[in-house]
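So the chains spell out like this:
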There are 2 protein chains.
Amino acid sequence: MKQPKFTFQLLNQHKKARLGLINTAHGEIRTPAFMPVGTRGTVKAMLPESVKSTGADIILGNTYHLMLRPGAERIAKLGGLHKFMNWPHPILTDSGGFQVMSLSNLRKISEEGVTFNSHIDGSKHLLSPERATEIQHLLDSTISMAFDECTPYPVSFDQAQSSMELTSRWAERSRNAFIAKPGYAQFGIVQGSVYQDLRKKSASVLQQLDFEGYAIGGLAVGEGQEIMFKVLNYTPDLLPINKPRYLMGVGKPADIIGAVVRGIDMFDCVIPTRSGRNGQAFIKSGTLNIRNSIHAEDDTPLEHDCLCPTCQNYTRAYLHHLVKVNEILGAMLMTWHNLFYFQDLMSRIRDYIKAGKDFDFIS
Amino acid sequence: MKQPKFTFQLLNQHKKARLGLINTAHGEIRTPAFMPVGTRGTVKAMLPESVKSTGADIILGNTYHLMLRPGAERIAKLGGLHKFMNWPHPILTDSGGFQVMSLSNLRKISEEGVTFNSHIDGSKHLLSPERATEIQHLLDSTISMAFDECTPYPVSFDQAQSSMELTSRWAERSRNAFIAKPGYAQFGIVQGSVYQDLRKKSASVLQQLDFEGYAIGGLAVGEGQEIMFKVLNYTPDLLPINKPRYLMGVGKPADIIGAVVRGIDMFDCVIPTRSGRNGQAFIKSGTLNIRNSIHAEDDTPLEHDCLCPTCQNYTRAYLHHLVKVNEILGAMLMTWHNLFYFQDLMSRIRDYIKAGKDFDFIS
């Protein structure tokens, strides 16, 4: 069998917005792409074929969660994450850098990496550029991420600089540890907080390591949309045009659209899945809380013209009932609608770029 | 459109085991039939089309739960339970008699009925033969159950007798309150505990009311399989051969087989769904607890020759992981397998009766 190469084709560009196609060992990814989050080897409350049916080409897996349970070596023994979770399509894994800081206990950061205690059983672990890269190799991740320190916000220039420099040194070690395979990729992560000079320096160092793609990290961490867009006004331009650009952890529909306009190709966020489980539905006019008693006898779907299985078969009244009594089917149907909504948004975005039109559907 | 009649055809009989076909306003039911339980308007963790795909012709809904949330009048306003939950096939509803005794607080039983406080918000409600029948009418239940008192176990002859007599009087009032519609049915419930004379008397009184079918109540309440089978040795014979016989709340595969052998046509039980959510899988050799660490690296399916979507696509190792970390997909996949297992059991049972063979697969 011919091994496919990892490639990125820039198919069309409208102003800074890019229409692209990534080819990988596990299939194609249409960009701009939204990656549903499958933290612990499952996109919560969804069958993988249902995730695919919403239009998702790629999902995200979390190194931190999977290394703790069921363990990277175990997943490798069972044939890798694709086979383990019955998702034969592309998977991007984060490096664990973000979660180890936000979830674990008793962290100690050194030049070597981060030692931490599991938030589950307190057991001691090390994440380093080498180990994070090895774990992602064991998971058989289609797109691995370099191990980085996600710079917190707000942060001083000096702190942002030393954090970015650590990420740069870790990026080089990650790159050296990466075992290249046809159709697989590793992305570097640009840090530098809100400081243009630091973003510039970070992007420059990473490009010398010739990653297959580049992520922008350290955003969507509390700085707000205005500041995020300000950073996105210049950071994508610091990256090569012939490689995919991934904005980590973003976001709401308006964030995604604003980032596409500024030259971003890939996104991931827990918002559609987490919101769905909490009873929040995304609709074209905004969001809707299905717990609200206004929906108790409403026999219309979440969105009247939505083609998702939830809207085709179930009323707001039924979803209201399910979510109020905490039935699993409520989480299933609300999540399905939201994932469909996000993929439909990406599809509309791609259509607009292809047609060379400005986005007029969400400001 | 021609309104279908509610009919029961006895297609074949092998010793006391019966192969039948029930026709209803909402479609056919192959008997012996197992009805998955959809307590609150959903078979937990399952899409309705997935329930149907396992081979289920009919599901059960709970009057007690639905009258409290979302309310019978509300479901009626929304077009009935079939439409509300997207299950266009037959639905049997219990009368609420069992749950009101096991779940509600501050019950008071009188000749009129049962007044009780909701286990959810403490609100006061009445269930009487007339109200229970009205609720089931509002739900648009295909098969309604007469309102009964489920006699507890163990119980003295005198107590069992007065309880059975109350059920008989309530049966008459339920029958009078029932609004007959083409293709719809109401079943009476035979009580009498473990006392043959009382079962005989109960069956005789109920038959004078000419229900469309008959249930056997007051079993599977702690008496054990041996005593249950003893009661089933004579009770089905007290019922007309040309009407379906339903054993309420049963059961495990061996219970079902033992009851079919004794002339029962219909069953319902939460076992496959509840067990699934708790990580217990039914397999031909018995049951399997997927939480057991023996499964952590087992790359075989729950059952090697099972054709359910879970066994076709997922390993024990993956299910072990999902259930251990309490992922919703674990509940979904385990439930799906168990419901498939139960329907496959019913299908094998029907094949054996058709072929005139003794059951040799479970003793």
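Bear in mind that the values here come from a model prediction, so they are computed numbers and not experimental data.

1. Brief notes about the pairing of strand 12 (residues 213–216) of chain A
All names here are of chain A.
Now for step 1: Of the two faces of strand 12, the one holding Gly 213 and Ala 215 and the one holding Tyr 214 and Ile 216 are both buried throughout.
Now for step 2: Across four bridges, strand 11 (residues 185–190) lies against strand 12 in parallel orientation. What sits directly across from Val 190, in strand 12, is Ile 216.
Now for step 3: Note that strand 12 and strand 13 (residues 245–247) share three bridges and pair parallel. Opposite Tyr 214, over in strand 13, you have Arg 245 as the bridge partner.

2. Some points on the interface of chain B and chain A
Now for step 1: Tallying the contact residues gives 36 residues for chain B and 36 residues for chain A.
Now for step 2: Roughly 3400 Å² is buried in total at the junction of chain B and chain A, and carbon and sulfur atoms are behind 60% of that figure.
Now for step 3: Summed over the three residues of chain B that lose the most area to chain A, namely B:Glu297, B:His321 and B:Glu327, the buried surface amounts to 17% of that side.
Now for step 4: Here chain B and chain A share eight salt bridges between them.
Now for step 5: With a shortest N-O distance of 2.9 Å, B:Glu297 and A:Lys77 are connected by a salt bridge.
Now for step 6: The interface formed by chain B and chain A contains 16 residue pairs in polar contact (both at pLDDT 80 or more).
Now for step 7: Ranked by the residues each element gives to the side of chain B that touches chain A, the list is headed by helix 14 (residues 328–355) of chain B, at six residues.
Now for step 8: Looking at the side of chain B that touches chain A residue by residue, the class counts come to 20 nonpolar, six polar and 10 charged.

3. Points about the UniProt feature "binding site: substrate" (unreviewed entry) in chain A
Residues and elements named next belong to chain A.
Now for step 1: UniProt feature "binding site: substrate" (unreviewed entry): in the numbering of this structure it lies at Asp 94, Ser 95, Gly 96, Gly 97, Phe 98, Asp 148, Gln 191 and Gly 218.
Now for step 2: Checked against the element boundaries, Ser 95 lands in the loop between strand 6 (91–93) and helix 5 (97–102).
Now for step 3: When near neighbours in sequence (up to four residues on either side) are disregarded, Ser 95 contacts Thr 63, Leu 127, Ala 132, Gln 136, Met 145, Ala 146, Phe 147 and Asp 148.
Now for step 4: Among the polar contacts listed, one links the side chain of Ser 95 to the backbone nitrogen of Gly 97, at a separation of 3.4 Å.
Now for step 5: When its relative accessible area of 6% is taken as the criterion, Asp 148 is described as buried.
Now for step 6: Once residues within four sequence positions are removed from consideration, Asp 148 is found in contact with Ser 95, Gly 97, Thr 167, Trp 170, Ile 189 and Gln 191.

4. Things to note about the relation of the copies chain B and chain A
A rotation about some axis, followed by a shift along it, carries one copy of the chain onto the other.
Now for step 1: Once chain B has been moved 0.0 Å along the axis and rotated by 180°, it coincides with chain A to within an RMSD of 0.0 Å. Accordingly, the operation relating the two chain copies is best matched by a two-fold axis. The rotation axis passes nearest to the C-alpha of B:Ile328 in chain B, at a distance of 3.6 Å.
Now for step 2: Both copies contact each other with a shared surface, as 100% of the interface residues of chain B are interface residues in chain A too.

5. Observations concerning the sheet that holds strand 9 (residues 124–127) of chain B
Residues and elements named next belong to chain B.
Now for step 1: As summarised here, the arrangement of the three strands in space is 7-8-9, forming an open sheet in which the pairing is antiparallel. Two strands bound the open sheet, and with one partner strand each, they are strand 7 (105–109) and strand 9. Along the sheet, successive strands turn relative to each other by an average axial angle of 20°, direction set aside.
Now for step 2: As defined by bridge partners, strand 7 adjoins strand 8 (residues 114–117) across three bridges and the pair is classed as antiparallel. Across the sheet, the residue bridging to Lys 108 is Thr 115, located in strand 8.

6. Observations concerning the pattern of salt bridges
Where charged atoms of side chains with opposite charge meet at close range, the side chains can pair.
Now for step 1: Overall, the coordinates contain 40 salt bridges over all chains when judged by the stated rule.
Now for step 2: Residue A:Lys52 is joined to A:Asp57 by a salt bridge in which the shortest nitrogen-to-oxygen separation is 3.6 Å.
Now for step 3: According to the relative accessible area criterion, A:Lys52 is partly exposed, its value standing at 30%.
Now for step 4: A relative accessible area of 8% places A:Asp57 in the buried class.
Now for step 5: Here B:Lys16 makes a salt bridge to B:Asp237, at a shortest N to O gap of 2.7 Å. Note that B:Lys16 is positioned in the loop between strand 1 (7–14) and strand 2 (17–24) and B:Asp237 in the loop between helix 9 (225–232) and strand 13 (245–247), a separation of 221 residues in sequence.

7. What about the confidence of the model for chain A?
Now for step 1: For chain A, per-residue confidence averages 96 on the pLDDT scale, and residues scoring 70 or more make up 99% of the total.
Now for step 2: Overall fold confidence (pTM) sits at 0.98, and the ipTM for the predicted complex is 0.98.

8. Describing the side chain of A:Arg199
Residue and element names in this part refer to chain A.
Now for step 1: Structurally, Arg 199 is set in helix 8 (residues 196–208).
Now for step 2: One buried charged side chain, Arg 199, makes no salt bridge at all; its nearest oppositely charged neighbour is Glu 223, positioned 7.3 Å away.
Now for step 3: There is a polar contact of 2.7 Å between the side chain of Arg 199 and the backbone oxygen of Ser 193.
Now for step 4: Setting aside anything within four residues of it in sequence, one finds Arg 199 in contact with Val 190, Gln 191, Gly 192, Ser 193, Ile 216, Gly 217, Gly 218, Leu 219, Val 231, Tyr 234, Thr 235 and Leu 238.

9. Notes on the sheet that holds strand 2 (residues 17–24) of chain A
Residue and element names in this part refer to chain A.
Now for step 1: Spatially, the three strands line up as an open sheet ordered 1-2-3, and their pairing is antiparallel. Only two strands of the sheet have a single neighbouring strand rather than two, namely strand 1 (7–14) and strand 3 (27–31). For this sheet, the mean angle separating the axes of adjacent strands, direction not counted, is 10°.
Now for step 2: When strand 1 meets strand 2, the two strands line up antiparallel, connected through seven bridges.

10. Here's the deal with the packing of helix 6 (residues 129–139) of chain B against helix 7 (residues 157–177) of chain B
Residues and elements named next belong to chain B.
Now for step 1: Two elements in contact, helix 6 and helix 7, have axes separated by 8 Å at closest approach and are oriented at 40°. Classified by the interaxial angle, the pair formed by helix 6 and helix 7 is oblique. Pair helix 6 / helix 7 crosses with right-handed handedness. Between helix 6, through Pro 129, Glu 130 and Thr 133, and helix 7, the contact on the second element is made entirely by Trp 170, Arg 173, Ser 174 and Ala 177.
Now for step 2: Per-class residue counts for the contact of helix 6 with helix 7 are three nonpolar, two polar and two charged.

11. Examining the UniProt feature "binding site: Zn(2+)" (unreviewed entry) in chain A
All names here are of chain A.
Now for step 1: The feature "binding site: Zn(2+)" (unreviewed entry), as annotated in UniProt, sits at Cys 306, Cys 308, Cys 311 and His 337 in this numbering. These annotated residues cover 32 residues of sequence, and their C-alpha atoms lie no more than 8.6 Å from one another, placing them together at a single site.
Now for step 2: Note that Cys 308 resides in the loop between strand 16 (286–289) and helix 12 (309–313).
Now for step 3: The residues touching Cys 308, leaving out its near neighbours within four places in the chain, are His 337 and Phe 340.
Now for step 4: One can find His 337 in helix 14 (residues 328–355).
Now for step 5: Accessibility expressed as a relative area gives 0% for His 337, which makes it buried.
Now for step 6: Setting aside anything within four residues of it in sequence, one finds His 337 in contact with Ala 281, Phe 282, Ile 283, Leu 302, Glu 303, Cys 306, Cys 308, Thr 310 and Cys 311.
Now for step 7: From its side chain, His 337 meets the backbone oxygen of Phe 282 in a polar contact 2.7 Å long.

12. As for the pairing of strand 15 (residues 280–283) of chain A
Residues and elements named next belong to chain A.
Now for step 1: Both strand 15 and strand 16 contribute to a ladder of four bridges, which runs antiparallel. Counted as the bridge partner of Gln 280 is Asn 289 from strand 16.
Now for step 2: In sequence, strand 15 turns back onto strand 16 through a hairpin of two residues.

Rules used throughout
- Residues numbered from 1 in each chain as written.
- Chains lettered and ligands numbered in written order.
- Predicted model: local features only at pLDDT ≥ 70, side-chain atom pairs only at ≥ 80, totals over all residues.
- Heavy atoms only, no water.
- Buried < 20%, exposed > 50% of the residue type's maximum accessible area, 1.4 Å probe, protein only.
- Helix = DSSP H or I, 4+ residues; strand = E, 2+ residues; numbered from the N terminus.
- Pairing = 2+ DSSP bridges.
- Contact = heavy atoms within 4.5 Å.
- Buried area = accessible area lost by both parts, 1.4 Å probe.
- Salt bridge = Lys/Arg side-chain N within 4 Å of Asp/Glu carboxyl O.
- Polar contact = N/O pair within 3.5 Å; in protein donor to acceptor, adjacent residues only side chain to side chain.
- Nonpolar A, V, L, I, M, F, W, Y, C, P; charged D, E, K, R; others polar.
- UniProt positions renumbered as here; feature names shortened; annotations may be inferred.
- Least-squares fit on C-alpha atoms with pLDDT ≥ 70 in both.
- Axes fitted to C-alpha atoms, helices over the stretch in contact; angles between N-to-C directions.
- pLDDT = per-residue confidence, 0-100.
- Lys, Arg positive; Asp, Glu negative; His and termini not counted.
- Parallel < 35°, antiparallel > 145°, perpendicular 65-115°, else oblique.
- Left-handed = near helix turned anticlockwise from the far one by under 90°.

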